[in-house]
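# An overview of the molecular structure
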Amino acid sequence: MEKIQIIDAKKHVGEMVKIGAWVANKRSSGKIAFLQLRDGTAYFQGVVVKNDVSEEIFDLAKELPQETSIWVTGEVREDSRSKFGYELGVQDIEVVGESHDYPITPKEHGTEFLMDHRHLWLRSSKQHAIMQVRNEIIRATYEFFNARHFTKVDPPILTGSAPEGTTDLFETNYFDQKAYLSQSGQLYMEAAAMAFGNVFSFGPTFRAEKSKTRRHLIEFWMIEPEMAFMHQEESLRIQEEYVAFLVQNLLDHCDYALHVLGRDRLVLEKYTKLPYPRISYDDAVDMLQKNGFDDIEWGEDFGSPHETFIANSFDQPVFILNYPKDIKPFYMKPHPTREDIVVCADLIAPEGYGEIIGGSERATDYNYLLEQIRKQGLDEEEYSWYLDLRKYGSVPHTGFGLGLERTVTWLAGIEHVREAIPFPRLLNRIYP
């Protein structure tokens, strides 16, 4: 008899198999007991018929507490009534680990309660589906960039300088020297791009500001590509191709997870259609003001209601181009015909999920960058290595960062970004 995982049940129809699983739920009806089983790969139903098993096994099946771990033996059968398509005709059950008074019952629980029990909530069918979506996005990310000859480079997590200002950095003492938890690997990825051409990183980043909205985290993961010999227009094409690729791969490989989450495939299919619409920052401000938003003036950054209105106006992810220079980081390339804006773009997700990508063409002029570093009161010595990149064979280059958790939240169609993280990290335990 072969030991299998639930996800491989379709390969063993009509065979007797053994599966290590947990009892997610159960119900009984007279002479039949139904066990909802999970093993980490998928969920399906085990059917225990009284006349097919010993009295001891049938009584055990009826009494198994939620989250008891078991070895279950039975025959795999097709089940056209379930989305998964298969079930197990149970013949034998062996208890491995008992479970009593499991705190997350099938009833409704509040977000704060579930977050405080994330180490257990992770076992639920919804969380399982969200983590499958997250896993597929990560897998597809590597496929996308590897196919385009990007080299993965890992920037440091402890850094001596900041790409986006020092106000939201976590500071630490690094052997009597100041160091910070990384808020972005971008500056290091620029150095890597000068060595390898096209590169990407995937790692944790931090923001030292309290996370008080459903969209923001203090600790999150970023995918950050950087591309040499490339201008912004080419970068925008890669960005939209990348996002459309992620969506298509979810449709191709996560059908069951999307079903569990109640995510409409037709809605997601819209997001595979390219190109995505584009609107300038100037026109976006105009649009908002003409539609009753009197709380936004030129030169201010957009808030959640503004981004939601703009994206919903197009019913697609939308690029907002060329923001005011004063609200963007020092490294962005100044616009060739205007001094007040920079060459950059944010990609705003529809359905109210906000910005998922921020990117720009990078400034390549040594003197301009030095001026911006001084203007922002940054330590020139800490950025001397970054300025070196403009001295030794500098080239036009662009880059962007995609926030993994925000993207998972959008594509999974969930309400709260904290549902997109596996564990309640200390830095994220704030529940608005």
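Residues numbered from 1 in each chain as written. Predicted model: local features only at pLDDT ≥ 70, side-chain atom pairs only at ≥ 80, totals over all residues. Heavy atoms only, no water.

The name given to the chain in an unreviewed UniProt entry is Asparagine--tRNA ligase, with Tetragenococcus solitarius as the source organism. Listed in UniProt under the heading Sequence similarities (unreviewed entry), the comment for the chain reads: "Belongs to the class-II aminoacyl-tRNA synthetase family." Per its UniProt entry, the chain bears the Subunit (unreviewed entry) comment "Homodimer." (UniProt positions renumbered as here; feature names shortened; annotations may be inferred.)

### Comments concerning the packing of aromatic side chains
Under the defined criterion, the tally for this structure stands at 25 aromatic pairs. Judged by centre distance (5.9 Å) and plane angle (65 degrees), the ring pair of F302 and Y323 falls under edge-to-face. With F302 in the loop between helix 9 (281-290) and helix 10 (304-314) and Y323 in the loop between strand 14 (318-321) and strand 15 (344-349), this pair connects stretches of sequence that are 21 residues apart. An aromatic cluster is built from Y142, F144, F145, F150, F200, F202, W221, Y242, F245 and F400, whose rings are joined through pairwise contacts. (Phe/Tyr/Trp six-rings, centres within 6.5 Å; stacked < 30°, edge-to-face > 60°. Helix = DSSP H or I, 4+ residues; strand = E, 2+ residues; numbered from the N terminus.)

### Overview of the sheet that holds strand 13 (residues 278-280)
On the basis of which strands lie adjacent, the open sheet formed by eight strands has the order 7-11-12-17-16-15-14-13 and mixed pairing. In this open sheet, the two strands that pair with only one neighbour each are strand 7 (151-152) and strand 13. Pairing analysis gives six bridges linking strand 15 to strand 16 (residues 354-361), with the strands arranged antiparallel. Bridged to A349 within strand 16 is G354. Sitting on the sheet, helix 6 (residues 232-253) is in contact with strand 12 (219-228), strand 13, strand 14, strand 15, strand 16 and strand 17 (397-403), with an inclination near 25 degrees to strand 17. Across the sheet, helix 10 touches strand 13, strand 14, strand 15 and strand 16, and the angle it forms with strand 14 is around 125 degrees. (Pairing = 2+ DSSP bridges. Contact = heavy atoms within 4.5 Å. Axes fitted to C-alpha atoms, helices over the stretch in contact; angles between N-to-C directions.)

### Thoughts on unusual backbone geometry
Omega for the peptide link from L274 to P275 comes to 0 degrees, which places this bond in the cis form. With respect to the helices and strands, P275 occurs in the loop between helix 8 (265-270) and strand 13. With a phi close to 60 degrees, D315 is a non-glycine residue in the positive phi region. A residue is classified by how much of its surface remains accessible, and D315, at 40% relative accessible area, is partly exposed. (Buried < 20%, exposed > 50% of the residue type's maximum accessible area, 1.4 Å probe, protein only.)

### Here's the deal with the nonpolar core
The biggest cluster of nonpolar side chains holds 47 residues, and the ones touching the most others in it are V133, I137, F145, Y242, V243 and W410. Of the residues forming this core, the biggest block, nine residues, is contributed by helix 6. If we skip the residues at most four places from it in the chain, V133 touches L250, C254, A257, L258, L261, V408 and A412. A284, M287, Y386 and L387 belong to the second largest nonpolar core, which has 31 residues in total. (Core = buried A, V, L, I, M, F, W, Y, C linked by side-chain atoms within 4.5 Å.)

### Side note on the packing of helix 4 (residues 125-147) against helix 13 (residues 404-412)
Relative to each other, helix 4 and helix 13 sit at 120 degrees, their axes nearing to 10 Å. One element, helix 4, and the other, helix 13, form an angle in the oblique class. In the crossing of helix 4 with helix 13, the sense of the turn from one axis to the other is right-handed. Between helix 4, through I130, V133, R134, I137 and I138, and helix 13, the contact on the second element is made entirely by L404, E405, T407, V408, L411 and A412. (Parallel < 35°, antiparallel > 145°, perpendicular 65-115°, else oblique. Left-handed = near helix turned anticlockwise from the far one by under 90°.)

### Considerations on empty space enclosed by the protein
Across all of its chains, the model carries one cavity of 30 Å³ or more by this definition. By volume, the largest cavity is sized at about 40 Å³. Taken together, Y43, S125, H128, A129, Q132, Y256, A257 and V260 form the lining of the largest cavity. Mapped onto the lining of the largest cavity, the elements with two or more residues apiece are helix 4 and helix 7 (255-261). Counting residues per element, the lining of the largest cavity draws most heavily on helix 4, at four residues. (1 Å grid on protein atoms, 1.4 Å probe; cavity = no way out; pocket = protein on both sides within 12 Å on 5 of 7 lines; lining within 4 Å. Points joined across faces, edges and corners; volume = space filled by probe spheres on them.)

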